[in-house]
Amino acid sequence: MGSSNDNKWSDTAMLVIDMQEFVDPAMNSLTFLAGGEVILPAVTQAVKLARERGIFVVWVVREHDPAGRDVELFRRRFYSGGKGPAMKGCKGAELADGLAIKEEDYKLVKTRFSSFFATNLDSVLKTSGIKNLVVVGVQTPNCVRQTVFDAVALDYEKVTVIVDATAAANPEIHLANIRDMKNIGVETPTLEGWSGSV
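Residues numbered from 1 in each chain as written. Predicted model: local features only at pLDDT ≥ 70, side-chain atom pairs only at ≥ 80, totals over all residues. Heavy atoms only, no water.

**A few points about the layout of surface pockets**
For the largest pocket, the calculated volume is near 260 Å³. Every residue lining the largest pocket is counted, 15 residues in all, and those nearest its centre are Glu21, Leu30, Lys83, Gly84 and Pro85. Partitioned by chemical class, the residues of the lining of the largest pocket number seven nonpolar, six polar and two charged. Per-class residue counts for the lining of the second largest pocket are five nonpolar, three polar and three charged. (1 Å grid on protein atoms, 1.4 Å probe; cavity = no way out; pocket = protein on both sides within 12 Å on 5 of 7 lines; lining within 4 Å. Points joined across faces, edges and corners; volume = space filled by probe spheres on them. Nonpolar A, V, L, I, M, F, W, Y, C, P; charged D, E, K, R; others polar.)

Shown next as structure tokens:
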């Protein structure tokens, strides 16, 4: 982990959002997002590079009560008979195949779109000296966008969304949301562009 860039990246965290049943076709989820499967290699590479740079990796995951009591009201209809997306203790709440949380990483459980809403994320980041965020995962108009807008509102100095390591239901929705985030000062490089930054 000891690259020459450790000092430069020590105040940066990578948020890896919802890389669970939503992106893994093997889980046969009703909430599967084909665009999410496509970005799996880019997310894997981004996490690898983050670790090499000494960036604090935060795995943001959904884990819901089997009865759906902690789910947004409009989603509660999906939770009946012990079935529902990302239920705690079930396969759908696990990371997609090939992704793994390491000891030096942090796992954050959320129950809403924003990674900051009703969680300790801001506290964990601020007490870890984090000023800058890099965001990857799904999905762009919901969890990614809401997290990014909250990060800007919370005055993180630099917020970056890696364009080809994030996804939505279709490319048009994805790019429209990327454009909106760029308009509020968010950096939006490709993985290659971010990989080349030193």
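**What about the nonpolar core?**
Formed by 31 residues in total, the largest nonpolar core has its most connected members in Met14, Val16, Met19, Val43, Val136, Ile162 and Trp194. Those elements that provide at least two residues to this core are β1 (12–17), α2 (34–53), β2 (56–62), β4 (132–138), β5 (158–167) and α6 (191–195). Considering every element that reaches this core, the biggest residue donor is α2, with eight residues. Beyond its immediate sequence surroundings of up to four residues, Met19 is in contact with Gly36, Ile39, Leu40, Val43, Glu94, Leu95, Ala96, Leu99, Gly137 and Val138. By size, the runner-up hydrophobic cluster in this structure holds 25 residues, among which are Leu15, Phe56, Ile130 and Val135. (Core = buried A, V, L, I, M, F, W, Y, C linked by side-chain atoms within 4.5 Å. Buried < 20%, exposed > 50% of the residue type's maximum accessible area, 1.4 Å probe, protein only. Helix = DSSP H or I, 4+ residues; strand = E, 2+ residues; numbered from the N terminus. Contact = heavy atoms within 4.5 Å.)

**Some points on the UniProt feature "domain: Isochorismatase-like" (unreviewed entry) in the protein chain**
If you check UniProt for "domain: Isochorismatase-like" (unreviewed entry), the listed places come out as residues 12–188 in our numbering. For residues 12–188, the helix share is 30%, the strand share is 20%, and the end-to-end C-alpha distance is 16 Å. (UniProt positions renumbered as here; feature names shortened; annotations may be inferred.)

**A look at the side chain of Lys110**
The topology assignment puts Lys110 in strand β3 (residues 106–110). Given a relative accessible area of 1%, Lys110 falls into the buried group. Within the structure, the side chain of Lys110 is placed 3.1 Å from the side chain of Asp18, a separation counted as a polar contact. Within polar-contact distance, the side chain of Lys110 engages the backbone oxygen of Arg112 at 3.1 Å. Discounting residues that sit within four places of it in the chain, Lys110 has contacts with Ile17, Asp18, Val60, Val61, Arg62, Glu63, Ser115, Thr119 and Cys143. (Polar contact = N/O pair within 3.5 Å; in protein donor to acceptor, adjacent residues only side chain to side chain.)

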